[in-house]
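So the chains spell out like this:
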Amino acid sequence: MTMGAAMGPEKRLEGGWFQRLAWVVLAWGSLGILVWVPFLYVAIRRGRTSDWFAFASFALYECVTLPWLATDDSTDGGEYVGLAMIVTMLNAAWMLLFAVFDKKLAGPAMAYAAAPAPQGHPYQQGYPYGR
């Protein structure tokens, strides 16, 4: 049994392209310092374990890289930190644009309710391989 089934119907978080782009601009505009904020929003709104894990991983990233950058006086290795920051922000942008938000539903599914019931012919098993 999943946690969503135990707590009730699963929460959905639909977001349009403007909202998705706004979260990406926040992450990139702050140079990665606020990359954890959109994932906290998603985790609070939807409450899935995977959302909290994503938030925790980005928050841990910030808690490690910011003090490291502030206390590092060496000139070697800065390009690796920059590469790690760019890869992290690209990963966050991809997740926010394509993976985190649910796709919008067109409306209630009425396909089966609108179909007419079969009349006069009971279901018959056919030959699966033909003759």
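Residues numbered from 1 in each chain as written. Predicted model: local features only at pLDDT ≥ 70, side-chain atom pairs only at ≥ 80, totals over all residues. Heavy atoms only, no water.

Q: I keep staring at the confidence of the model for the protein chain and nothing clicks. Help me out?
A: The predicted coordinates of low-pLDDT regions are not to be read in fine detail. With 73% of its residues at a pLDDT of 70 or more, the protein chain has an overall mean of 80. Helix 1 (residues 3-7) is the least confidently modelled element of the protein chain, averaging 52 in pLDDT, while helix 3 (residues 37-46) averages 93, the highest of any element. (pLDDT = per-residue confidence, 0-100. Helix = DSSP H or I, 4+ residues; strand = E, 2+ residues; numbered from the N terminus.)

Q: In this structure, what is going on with helix 3? I would like to understand it.
A: Residues lying three or four places apart along an α-helix face the same way, a consequence of the helix completing one turn every 3.6 residues. Looking only at helix 3, the buried set comprises Pro38, Phe39, Val42, Ala43 and Arg46. Down the axis of helix 3, the buried set is contained in an arc of 135°. They therefore lie on one face. Directly beyond the C-terminal end of helix 3, a positive phi value near 75° is found at Gly47. (Buried < 20%, exposed > 50% of the residue type's maximum accessible area, 1.4 Å probe, protein only. Arc of directions from axis to C-beta.)

Q: Please clarify how the pattern of salt bridges should be interpreted in this entry.
A: A side chain with one charge may pair with a side chain of the opposite charge, provided their charged atoms come close. This structure, assessed with the given rule, holds one salt bridge. Ionic pairing is found between Asp51 and Arg46, a salt bridge with its closest N-O pair at 2.8 Å. Given the relative accessible area of 7%, Arg46 is considered buried. (Salt bridge = Lys/Arg side-chain N within 4 Å of Asp/Glu carboxyl O.)

Q: Would you mind going over the packing of aromatic side chains with me for this structure?
A: Counted by the stated rule, this structure contains five aromatic pairs. Both rings, one in Trp17 and one in Phe98, keep their centres 5.9 Å apart while their planes meet at 70°; by these two values the pair is edge-to-face. Of the two residues, Trp17 is situated in helix 2 (residues 17-29) and Phe98 in helix 5 (residues 78-99); the sequence distance between them amounts to 81 residues. A relative accessible area of 48% means that Trp17 is categorised as partly exposed. Aromatic side chains Trp23 and Tyr41 sit 5.1 Å apart centroid to centroid with 35° between the ring planes, which places their arrangement in the tilted category. Taken together, the residues Trp23 in helix 2 and Tyr41 in helix 3 connect sequence positions 18 residues apart. Ring pairs connect the aromatic residues Trp36, Trp52 and Phe55, which therefore count as one cluster. (Phe/Tyr/Trp six-rings, centres within 6.5 Å; stacked < 30°, edge-to-face > 60°.)

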